[in-house]
Each structure stands twice: as C-alpha cells, then as structure tokens.
Amino acid sequence: MVMDFPAVRALDGVSVSFEPGEVHGIVGENGAGKSTLMRILAGLQLPTSGEIWHGDDSMRLVELHGVRDALKLGIAMIHQELNLVDPLTVAENVWLGREPRSTGLIRKGRMRELTESYLDQVGARFGPDDTVGSLSLAQKQLVEIAKALSQEASILIMDEPTSVLSEQETASLFALIERLKERGVSVAYISHRLAEVEQVCDRVTVLRDGKLIAMLERGMASQSEMAALMVGRELGDMFPAKREVAESPPALRALEVSDGERVFGASLEVRPHEVVGLAGLIGSGRTEFAEILVGVRPLASGRIERQGAPVRIGSAKQAARHRVAYVSEDRKDTGLVLAMDTIENITLANLRSYARPLIDRGSEREAAGQWVRRLDIRVGDLRAPTLYLSGGNQQKVSVAKWLELEPKVLILDEPTRGVDVGAKREMYGLIQELASSGMACIVISSELPELLGLCHRVLVMRHGRIVGELAGDEMTEEAIMVLAAGVEAA
Amino acid sequence: MKRGWRGLLADYGVLVALVLLFAINVFTRGESFLQAENLRNLVSQNAYVGIIAVGMTFVIMTAGIDLSVGSMLAFCGAVAVLVLNRQDAGGAAAGTAVLFAVLASMAVGAASGFANGVAIAFGRVAPFIVTLAGLAAFRSLALVLGKGGEIRSQVSEFQDFGFGGVPLPFLTNQAGQPIVLYWSLLIFLGVALLASFLLNRTPFGRYMIAVGANERAARYSAIDTKTIKLWTYTFLGALVGLAAVLNAARMNSVGTGSVGLYYELDAIAAVVIGGTSLRGGKGRIWGTVVGVILLTLIANMMTAYRIDTNWQGLVRGAVILIAVLLQRGSKEND
C-alpha cells in the first residue's frame, strides 16, 4: 500500500509511501510538518491539495474525512498523549464505542476473550479486567496498540512512542514492532530520538519547513546524517567541553531526604560550577526528589542545606528566596501558565521586583525582551499566549522564568523533552554557560547521552533511593542502566 | 490566533448589547428614558449587587465561587444596625454611630469571607460546598440576631446617609430638586476602579490570573496560591459588608429573613455576562460593571413596558445563557 499527497500547506508537496511490513521513520525539527502529515493520515485534518492512494493489490484514491474513514482503511494512530479512559477496564477501553453486542446488550465474556488475545499479541503482562488507571504509561501504550490491532489496523502511526518509556520498556516496544512487521503491519514512526530511529526504521523521511528533504534507506540513515539534514547545516559537537570544578563547599546539599511516599532517604550535593545528573527509570523518584528540594512536595524527614546552613523549604516561594529554582518537566501542567503571554510567564516568579508597588510594564517588557534575545526564543508577539509557542520555545520561556530570579541552584527536569535537535544543542550550551558562571546545576534526564555529555557526576535512582554515583570514566550508559534497572552486571 | 468579528463580539458583545438596548430605549421611550434621574437610577438601583459583583469577579477568576454573599449581606446588615443602635443608645453622635456601623459591617463581612477562604484554601473543601454551607449558616446567624424578623434603626441620620450623596450641578428633576449621586453609586464605581487597579497593575492581580488559569503552575512558580485565594474571599466579604450597610441605610432597617435573597445569583450572573470565565484565569472588572448595568436595564425596561414581573426571571435566565454562548464562540479551539 502506498500513499501520496503532493502539495499540502504546512506541508509543501510532500510524497510519502508506506509499504507493508515496513517501519518508516519521519523525522524533522519541531514545526517541520511531521504532525501535520500524521494528522492527515489519521483523518484528523484534510489536505488542501494532494491525493491519498490506498490498496493491497490495486491502488485506489481515498479521502479521509475523519478518524472513522482512516480506521476503515486500517490506519490507526497511537497518540503521544494516550487517549484512554482511566476508570474503565482494559477490555472496556479497547472496545469503547464498538462493544460486541447481542440484542443490544454488551457481551462481556466475548469482549474479555477477544481483548485477552490482543493483549497476548502485544505481549502484555496484565489482564483485560485491570483498570487502565492502575497501569503504567508503558502498559497504557500497549493497551492503545492492542486497541489498534483489534480494529484490524494495518498501518500504525506512532507519535513519539518512547518519550514516556524507560530504556527497558523501549526495548520491549521495539521487539513488539518487530513482531508486528512480520505480520505485515506497517508503522509510521515519528521521533526526536535519532538513535532509536536509526535502530528501528527501515526507511527514514526527513522533513524540514514542510518540505521533503530526503528519503534515506536503512544503513544510510545515521544519526549525524539525519541531524544534519533536519537542521540544514552541519551540527558541531552537541556538547561543549566540560569545565573543571574547583573545590568549594556545596551550594545545595540534601541529607537523607524522604517524603514517605516516593522518595526514601535520598542524599545529594552540588557545588557551584558543577553539573550533577540524576538518572533513573520513569517512576524511580527523580522528579519527586527534585520537587522536595524546591518545596512543592512535602519533606517528611531529612535535611536540606544551602551553603552549609540548614534551610526550611516548604514551598516554591521559599525555595526562590533561597535562590533554588526548578524548571519542571511538564510545561503544560507545572512549567508555564499557557494562557498567559511570554512576558507574564517570564516575570511570574520574580514579579515582586517589577512592582514598586505597581507593576512597571515597561521594564517588565524590557526584561522579557532581553531573555528572548539571549535565549533566542522565537516568538512573534510577546503579548500572545505561550500556548501558541512550539515546545522548544515554551521550554526556553520556562527556563527564562527561573533565570530571571538569578538562582544559585538550578534544577532542570528533562530540559530537552519534545525539543528538536537545534534547540537541544542550544540548551546544552546554555547549561554549560550557566555552570561556568558559577551556578550549581542538577539535570534530570532519561536521555543517557545527554547526562554523559553534560554532567560531571551522575547519581542514579531506583525505587525512590539513590543507588549509585558515577563520575569520570565509570560514567557510561551501561553502568547507569545497570544501576537504574537494578540488574547485576554479568 | 484567529480573531475576526466573532472574536470581537465575544470580547465586547456585552458592551454592544448594552448600547443596543440603550438605543432601543431611547427610540421607544425617548425623553422619559433619557431623564437624568432615570439614568442615575439605572446605575444606582443595583449598586449593592454591583459592589458584591466586583468582589465576586476576583473569586470567580481564581476558579472559585461564593454562594453565601446574599446571606452574608443579611448577617452583616444585622450587625451593622445593632451596632448603630447600641452606639446611639450609648449617646454617641449620629455620625460616629454610622461610622462604627460601617466599620463593623465590613469587619464582619471580611471575617466571614476569611472563614470561607480558610475552609477552601487550607481545608481544601470545594468552594461550592463551603459557600453553600455559608449560605445556610450566615442567614441563620442573621435570623438569630433579628429574632426572626426585622431590625429597625433608631438613628434617622442613618437613612439620610442612605439617600445622601453628591448633588449634580445644573441638573434637577421635575420637582426642581438637584439630582444626587448616591453614596452607594459612587462607592460602587470607586470599588470598581480600585479592583480594576488591583487586577491590572499589582502582583496580586497577576497572581489571581495565574492561580485561576493553572493553579499548579502558579504554585511551582513561587506563588503562594492559598493565600491568594484566601484574600479573594476576604476581599469579597469586606465588600459584602460595605454593600450590606449601604442597603440597610437605604431601608433604615434590615429584614433578616428577606434581605439579600438571590443576590448571589445576580452577582454571579453579572460577572459571567461581563465575560469572566467560570473556569478561571480570565476576568475583567469593566465587564462586570457593564453586566450589572445591563441586568438593571433589562429589569427597568420590563417595568417600563409593563411586563408582568413574573416573567422577569425567565428573561434574565435567557440573557445569562445567551451571553455565555456568545462568549464561548471564539474559544472553541482552546
């Protein structure tokens, strides 16, 4: 089966084909047109011009006016934000809106049976009667895939499927994709993680500014090649060289910190000029540990010290007073007030210094303008809601908000999640620059190369505890994974 | 961002509606409608509700609600008249007595709002529930104070205060007396100006928007969200106290069982018609002021056209629904 659609607007004359049993990677920076392309395929958006052809032996011109049309042709999308109803069971979710019925009543037994067989196919280790709300993100993703299979999907669109998965879970997802391929299912694979694309995709389409830049066959699609094509220029080294950290007392120190729920006796210290990494699988308590340090999660036991003196940090406000800032991983929920504009977001945590006692709008705008220039935030209108900014630019606004406070300790949680290659590199440069200016930085990340490239030391967490610390030559992806997953090295 | 005329209508529809209704009145009623006295009444008739609605705007902006304001008004009014009479009995000058009544009423209102706010922000009970409880409790307190009936003021100057104000120069009514801008009217406008100022020019205002739009993000952004919420209820309470004493002065008494009934509905309606979002994060004081005047104008028209008062509720209901539907028009892609 093949699909073509020349000349779409956010997309400009892009043609792509999906062969049976193929994993086709779609890569590009944010705004390159990946999402538009996928939305058209999933029936969520109509192309302004162009054609879609579909068929097994003989090809036929088709029109996709909605998700239903797409599903009829066997095209199903696994969304980045999973579309499941938490309080319902797995079986109920899989069959939502199309439950097997007889004489108007739902046939629960049949539904359960069918679900079981699909769960089997995706290698799930949970049952049809489990509530979706009780599942992990990785498991929920399996439910979505099972649902797609139950709709007899032959083309699966996966939008950043690994962004919420740990390395282990990613590996099992790839194994599943491999099995699906053997059954003739084709997968459209969108990801920012070029290493994964290189590993899993048979062909890779590179988009830039809505145009098709290249179509690479497996073997040709190396990470550096893809990255260069995406940004349209050669990327130098992603990571600037690390600077030596001089001996000095720690800027922030946590001693045996617990919240009694997710974090148990975790300790950490970070010195000025130093970048400390915090690694661990999803759910290992990294974010929760950081949240305790900045007071948005209660401290049940343990101690926090700033420059050697014990401090009480019971709220983000108190943390700000001690110049400890936290750039959260979740821009939508905790990072930004999306309904507010760029200026208001940037000054939000530091508004008092613009109020004398009335807010001085002029100097507020000026300060925001400076951050926009310094961090190269691409924003059309400073007064437009940040809702309309791309992920990378939202992330920069979120960082600017905290730098505005001139923090001494900066904690960055997944600073490059959902951010394109160019913006990633800028973020790395910024972190290095901040550290060399004397800031103490803590970086939480699921991307191991990022931790290795940025950090002087990496602490690894598992089940809410710090299980190891790596520095210098011991700092390798393998060593981190061994600690994070809790398996003994062979 | 698509705006276009639909967006404009959503933003300024309430103003357009007011102008339209105003024009209709001018064309059909001409002279009698345009008389200065009638226009003054239009704004001052609902000044009590207006003062409350200004405070309610803050509460609703932070994604809260206060259903207890009507009962609270009765409670504050009862306290005000009791304090007034006691001062009078103690031999205080009339002016002093009135001043004490005003202060007592506002203090009791602020304390009542504070109690609501503590239960909501720190007790983490839903605002709807807390203030529903308040709706029952404050009325009961008022009835206890009034022994189930009316409390009459013993101070005649109290009513002079209710009908007093600033006379307009050059303008007189048909009887040749100067037209007075009542204190209640001036205070309503003053409170609206103050609130507008707080909302647009102070950190408190910005924080309210942040708390209403995304409470978690606000908390992570070093904002003391609980205190912000507590303040909005306290501020509203103080304004209810102010409205209560003005209302009592006008009547020279407080009917503890009947005063303030349905004020919560009128105030919430005015806020919503004015374009403040019930989901929080968006609010505007001028919209609320226009909303109050619009509701009064509609009531005024129905009286002028001799429409059976029993129909008034239906018309108000329809106006509220239409206003909200129009404002939603441009937000579908939220």
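Residues numbered from 1 in each chain as written. Chains lettered and ligands numbered in written order. Predicted model: local features only at pLDDT ≥ 70, side-chain atom pairs only at ≥ 80, totals over all residues.

Caption draft 1: Looking closely at the overall build of chain B. Per the secondary structure count, chain B includes 14 helices and four strands. Taken over C-alpha atoms, the radius of gyration comes to 20 Å for chain B, in line with the 20 Å a tight globule of 334 residues would show. Along the first, second and third principal axes, the C-alpha atoms of chain B reach 65 × 55 × 35 Å. Per-residue burial for chain B yields a buried fraction of 49% across its 334 residues. Within chain B, contacts between residues at least 6 apart in sequence are counted, and of these 77% link residues at least 24 apart. (Helix = DSSP H or I, 4+ residues; strand = E, 2+ residues; numbered from the N terminus. Rg over C-alpha atoms; globule rule 2.2 N^0.38 Å. Buried ≥ 20, exposed ≤ 12 C-beta atoms within 10 Å, placed from the backbone. Contact = placed C-beta atoms within 7 Å.)

Caption draft 2: Structural view of the overall build of chain A. Helix and strand counts for chain A come out as 17 helices and 20 strands. Here the C-alpha atoms of chain A give a radius of gyration of 24 Å, agreeing with the 23 Å that 2.2 N^0.38 yields for 490 residues. Principal-axis analysis of the C-alpha atoms gives chain A an extent of 70 × 50 × 45 Å. Of all intrachain contacts in chain A linking residues separated by at least 6 positions in sequence, the fraction that spans at least 24 positions is 68%.

Caption draft 3: A look at the sheet that holds strand E16 (residues 324-327) of chain A. All names here are of chain A. Strand order across the open sheet formed by six strands is E16-E17-E18-E13-E19-E20, with mixed pairing between neighbours. Each edge of the open sheet carries a strand with a single partner, namely E16 and strand E20 (465-471). Within the sheet, the average angular offset between the axes of one strand and its neighbour, ignoring direction, is 20°. Set on the sheet, helix H15 (residues 421-436) makes contact with strand E13 (275-280), strand E17 (409-413) and strand E18 (440-444); between it and E18 the angle comes to about 150°. (Pairing = 2+ DSSP bridges. Axes fitted to C-alpha atoms, helices over the stretch in contact; angles between N-to-C directions.)

Caption draft 4: Spatial organisation of the domain arrangement of chain A. All names here are of chain A. Examined at the domain level, chain A breaks down into domain 1 (23-231) and domain 2 (252-485). One C-alpha centre belongs to domain 1, the other to domain 2; they are set 32 Å apart. Listed by partner, the interface residues are 14 residues for domain 1 and 13 residues for domain 2. For the side of domain 1 that touches domain 2, the secondary structure elements donating two or more residues are helix H6 (167-182) and helix H8 (223-231). Take the side of domain 1 that touches domain 2: its biggest share by element is three residues, from H8. (Domains from an automatic or database assignment.)

Caption draft 5: The arrangement of the sheet that holds strand E9 (residues 203-208) of chain A in detail. Residue and element names in this part refer to chain A. Here we have six strands laid out as an open sheet, ordered E4-E7-E8-E1-E9-E10, and mixed in their pairing. The sheet is open, and its two borders are formed by strand E4 (75-78) and strand E10 (211-217), each paired with just one other strand. Adjacent strand axes in the sheet meet at a mean angle of 20°, parallel and antiparallel pairs treated alike. Bridge count between E9 and E10: six bridges; the pairing is antiparallel. The partner of Arg208 across the bridge, within E10, is Lys211. The sheet contacts of helix H1 (residues 34-41) involve strand E1 (23-27), E4, strand E7 (155-159), strand E8 (186-190) and E9, and relative to E8 the element is tilted by about 150°.

Caption draft 6: Representation of the interface of chain B and chain A within the structure. The partner chain A presents 25 residues to the 19 residues of chain B that form the contact. Those elements giving two or more residues to the side of chain B that touches chain A turn out to be helix H9 (203-213) and helix H10 (215-220) of chain B. A class-by-class count of the residues in the side of chain B that touches chain A yields 10 nonpolar, four polar and five charged. (Nonpolar A, V, L, I, M, F, W, Y, C, P; charged D, E, K, R; others polar.)

Caption draft 7: Structural view of the nonpolar core. The biggest cluster of nonpolar side chains holds 183 residues, and the ones touching the most others in it are A:Ile411, A:Val443, B:Ile52, B:Ala80 and B:Leu239. Here the element with the most residues in this core is helix H11 (residues 225-251) of chain B; it accounts for 16 residues. With near-sequence residues (within four places) excluded, B:Leu239 lies in contact with B:Ile51, B:Ile52, B:Val54, B:Gly55 and B:Val191. Ranked by size, the runner-up nonpolar core spans 64 residues in total, among them A:Ile40, A:Leu64, A:Leu135 and A:Tyr189. (Core = buried A, V, L, I, M, F, W, Y, C linked by C-beta atoms within 7 Å.)

Caption draft 8: Just helix H3 (residues 47-61) of chain B, in detail. Residues and elements named next belong to chain B. Look at H3: 21 Å from first C-alpha to last across 15 residues, which is about the 21 Å you get at 1.5 Å a residue. Remark: the principal bend of H3, roughly 25°, maps to Gly55. Of all 15 residues in H3, 15 are buried, a share of seventy percent or more. Ala63 lies just past H3 and shows a positive phi near 65°. (Expected span 1.5 Å × (residues − 1). Bend = angle between axes of the 7 residues up to and from the residue.)

Caption draft 9: Region of interest: the pairing of E4(A). Residue and element names in this part refer to chain A. Of the two faces of E4, the one carrying Ile75 and Met77 and the one carrying Ala76 and Ile78 are both buried. Where E4 lies against E7, four bridges are found, and the strand directions are parallel. Looking at E7, one finds that Ala76 is bridged to Leu156.

Caption draft 10: Expanded view of the packing of helix H5 (residues 94-122) of chain B against H11(B). Residue and element names in this part refer to chain B. At a closest axis distance of 6 Å, the pairing of H5 and H11 adopts a crossing angle of 150°. Relative to H11, H5 is oriented roughly antiparallel. The chirality of how H5 crosses H11 is right-handed. Along the lines of polarity and charge, the residues of the contact of H5 with H11 split into 19 nonpolar, nine polar and two charged. (Parallel < 35°, antiparallel > 145°, perpendicular 65-115°, else oblique. Left-handed = near helix turned anticlockwise from the far one by under 90°.)

Caption draft 11: Fine view of helix H13 (residues 361-374) of chain A. Residues and elements named next belong to chain A. Its 14 residues place the ends of H13 20 Å apart at the C-alpha level, agreeing with the 20 Å of an ideal helix rising 1.5 Å per residue. Buried within H13 we find Glu364, Ala368, Trp371 and Val372. The arc enclosing the buried residues of H13, seen along the axis, measures out at 100°, which places them on a common side. H13 presents Gly362, Glu366, Arg373 and Arg374 as exposed residues on the side facing more than 90 degrees away from its buried surface. Phi for Asp376, located one or two positions after H13, is positive at around 50°. (Arc of directions from axis to C-beta.)

Caption draft 12: Here's a closer look at the pairing of E16(A). Residues and elements named next belong to chain A. Every second residue of E16 is oriented toward a common face, with Val324 and Tyr326 on one face and Ala325 and Val327 on the other, all of them buried. Across four bridges, the pairing between E16 and E17 is parallel. Along E17, the bridge assignment pairs Ala325 with Leu410.

Caption draft 13: Just the environment of A:Gly464, in detail. Within the secondary structure, A:Gly464 sits in the loop between strand E19 (457-462) and E20. Here A:Gly464 is in contact with A:Arg262, A:Val263, A:Phe264 and A:Gly285, once residues within four sequence places are set aside.

Caption draft 14: Up close: the confidence of the model for chain B. All names here are of chain B. With 97% of its residues at a pLDDT of 70 or more, chain B shows a mean pLDDT of 91. This model gives residues 330-334 a pLDDT under 50, and the stretch forms three contacts once residues within four places in sequence are excluded. Listed scores for the predicted complex are pTM 0.79 and ipTM 0.87. (pLDDT = per-residue confidence, 0-100.)

Caption draft 15: Quick look at the environment of B:Phe100. Residues and elements named next belong to chain B. Relative to the helices and strands, Phe100 is located in helix H5. For Phe100 and Ala80, which are 20 residues apart along the polypeptide, the C-alpha to C-alpha distance reads 8.0 Å. When sequence neighbours within four positions are dropped, the list of residues in contact with Phe100 reads Val83 and Gln87.

Caption draft 16: Spatial organisation of unusual backbone geometry. In the segment running from A:Arg356 into A:Pro357, the intervening peptide bond is cis, with an omega of -15°. Looking at where A:Pro357 falls in the secondary structure, it is placed in the loop between helix H12 (342-347) and H13.

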